[in-house]
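# Observations on the three-dimensional arrangement
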Amino acid sequence: MIRSVKTGTLEYLTADGISVPHCFTTRLGGVSTGHLESLNIGMHRGDAPENVAKNYEILANALSFDTQNLVLTRQTHSDIVRAVTKTDAAGLDHSAYPECDALITNDPGTALVVFTADCTPILLHDPITGAVGAAHAGWRGTAANIAGKTVEAMVRAYGCDPANIHAAIGPNIAQCCFACDADVPDAMTDALGDAAREWIECRGDKYYVNLKAINAQFLRNSGVTHIEISTECTMCSCHRFWSHRVTRGNRGSQGAIIVCKGGSL
């Protein structure tokens with residue numbers, strides 16, 4: 001089950017199956033103002049840097065991690081997965097990082113961050129090795145199997161068994177609202193074959209695609225069986241989450257954070 005946690009004005013989501021500190025952020029509980037009100041975690045959305053830093057401090061206090069150990073993604077809708085440690089932390093400016101759309105680590109204390117505003121955030125935790133992962137899956141990344149490739153990277157780098165990995169798929173633009181042209185469903189069927197059609201609906205001249213379900217299928221294909229899926233839609237609940245489509249890009253960033261705490265081996 002993915003549930004909401006409220007601490008004062010701060011609200012975030014957590015998955016019961018992931019036992020290390022983690023969250024899917026909302027837009028609630030920070031210090032940013034105006035159209036960025038209030039928990040903007042993106043440094044390049046027009047916010048004052050001190051507001052972004054304070055918002056991370058608020059999350060760090062809630063989840064008990066050190067902001068100096070945050071490693072961020074510079075996302076380009078790729079299928080690139082980076083293995084990192086605390087030494088890769090380069091501050092809160094995502095442009096200071098190499099291109100990637102997923103991060104993995106087994107370095108205790110390292111906190112991974114991905115950004116979203118309609119795209120799909122995915123968090124992974126192997127309680128045996130202690131390895132964690134975080135992925136950003138837009139529709140291109142979804143079709144490129146960024147979810148499965150993140151699992152495969154954890155297997156290669158840390159010896160994880162996919163059967164032990166717990167996955168959580170966070171809020172995104174859900175099938176109810178994700179209207180798109182034929183290029184999106186075509187990409188999904190190219191990647192998954194006819195199996196993808198279960199999660200594609202045609203309404204008039206538009207298609208509606210369930211990206212959460214398709215990412216979950218990629219995770220299952222990689223051997224992951226413990227999967228929790230948020231029911232939240234960023235477009236339906238744009239008062240709680242930033243939606244790129246609703247705001248036409250005039251928005252802040254939310255995202256997902258997961259902290260490595262080490263394993264049982």
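Here is a short report on the structure shown in this document. (Residues numbered from 1 in each chain as written. Predicted model: local features only at pLDDT ≥ 70, side-chain atom pairs only at ≥ 80, totals over all residues. Heavy atoms only, no water.)

### Some details on the overall build of the protein chain
Within the protein chain one finds six helices and 15 strands. Against the 2.2 N^0.38 benchmark of 18 Å for 265 residues, the protein chain shows a C-alpha radius of gyration of 17 Å, consistent with a compact globule. By sequence separation, contacts in the protein chain at least 24 residues apart represent 64% of the contacts at least 6 residues apart. Surface summary for the protein chain: the accessible area is close to 10,400 Å², and the carbon and sulfur share equals 48%. Charged side chains in the protein chain number 21 positive and 27 negative. The centres of these two groups are separated by 3 Å. (Helix = DSSP H or I, 4+ residues; strand = E, 2+ residues; numbered from the N terminus. Rg over C-alpha atoms; globule rule 2.2 N^0.38 Å. Contact = heavy atoms within 4.5 Å. Areas by Shrake-Rupley, 256 points an atom, 1.4 Å probe, with all protein chains shown as cover. Lys, Arg positive; Asp, Glu negative; His and termini not counted. Charge placed at Lys NZ, Arg CZ, Asp CG, Glu CD.)

### Quick look at helix H5 (residues 211-221)
Burial analysis of H5 places nine of its 11 residues in the buried class, which makes it a mostly covered element. Burial in H5 covers these residues: Leu211, Lys212, Ala213, Ile214, Asn215, Ala216, Gln217, Phe218 and Leu219. For H5, the N-terminal capping position is held by Asn210, with its side-chain oxygen 3.3 Å away from the main-chain nitrogen of Lys212. Downstream of H5 by a residue or two, Gly223 has a phi angle that is positive, lying close to 105°. (Buried < 20%, exposed > 50% of the residue type's maximum accessible area, 1.4 Å probe, protein only. Polar contact = N/O pair within 3.5 Å; in protein donor to acceptor, adjacent residues only side chain to side chain.)

### Some details on the pairing of strand E1 (residues 2-7)
Of the strand pairs in this sheet, E1 and strand E2 (residues 10-15) are connected by six bridges, and their pairing is antiparallel. Its bridge partner being in E2, Lys6 is matched across the sheet by Glu11. (Pairing = 2+ DSSP bridges.)

### Observations regarding the sheet that holds strand E11 (residues 179-180)
Strands sit in the order E11-E13-E12 across an open sheet of three strands; the sheet is antiparallel. The open sheet terminates on both sides in strands that have one partner only, identified here as E11 and strand E12 (200-203). Inspection of the sheet shows E12 paired to strand E13 (residues 206-209) by four bridges, in the antiparallel sense. For Cys202, the partnering residue across the bridge sits in E13 and is Tyr207. Packing against the sheet, helix H4 (residues 183-192) makes contact with E11, E12 and E13, and its axis sits at approximately 45° to E13. (Axes fitted to C-alpha atoms, helices over the stretch in contact; angles between N-to-C directions.)

### Digging into the sheet that holds E2
Spatially, E1-E2-E3-E15-E7-E4 is the arrangement adopted by the six strands of the open sheet, whose pairing is mixed. Single-partner strands in this sheet number two, and they are E1 and strand E4 (70-71). Here helix H1 (residues 49-63) sits on the sheet in contact with E2, strand E3 (22-25), E4, strand E7 (111-116) and strand E15 (254-259), set at roughly 50° to E2.

### Concerning the packing of helix H3 (residues 146-158) against H5
The N-to-C vectors of H3 and H5 enclose an angle of 30°; their axes lie 7 Å apart at closest approach. If you check the angle between H3 and H5, you find them roughly parallel. Note that H3 runs across H5; the crossing there is right-handed. The segment H3 lies against H5, with Ala147, Gly148 and Val151 engaging Asn215, Phe218 and Leu219. For the contact of H3 with H5, the class distribution of residues is four nonpolar, two polar and no charged. (Parallel < 35°, antiparallel > 145°, perpendicular 65-115°, else oblique. Left-handed = near helix turned anticlockwise from the far one by under 90°. Nonpolar A, V, L, I, M, F, W, Y, C, P; charged D, E, K, R; others polar.)

### A few points about the side chain of Thr142
With respect to the helices and strands, the residue Thr142 is situated in helix H2 (residues 139-143). Residue classification places Thr142 among the buried residues on the basis of a relative accessible area of 0%. At 3.0 Å, the side chain of Thr142 forms a polar contact with the side chain of Asn215. If we skip the residues at most four places from it in the chain, Thr142 touches Ala137, Met188, Leu211, Ile214, Asn215 and Phe218.

### Here we look at the pattern of salt bridges
Inspection of every chain in the model, using the stated rule, returns 10 salt bridges. Between Arg240 and Glu11 there is a salt bridge, with its nearest N and O atoms 2.6 Å apart. Within this pair, whereas Arg240 is found in the loop between strand E14 (226-229) and helix H6 (244-247), its partner Glu11 is found in strand E2, the two being separated by 229 residues in sequence. Glu11 matches Arg240 in its accessibility class, with the two residues each being buried. The residue Asp79 makes a salt bridge to Lys149 at a minimum N-O spacing of 2.5 Å. Taken together, the positions of Asp79 in the loop between E4 and strand E5 (81-83) and Lys149 in helix H3 put the pair 70 residues apart, joining distant regions of the chain. Take Lys149: its relative accessible area is 27%, and that puts it in the partly exposed class. Among the charged side chains, a salt-bridge network with shared partners connects Glu11, Glu232 and Arg240. (Salt bridge = Lys/Arg side-chain N within 4 Å of Asp/Glu carboxyl O.)

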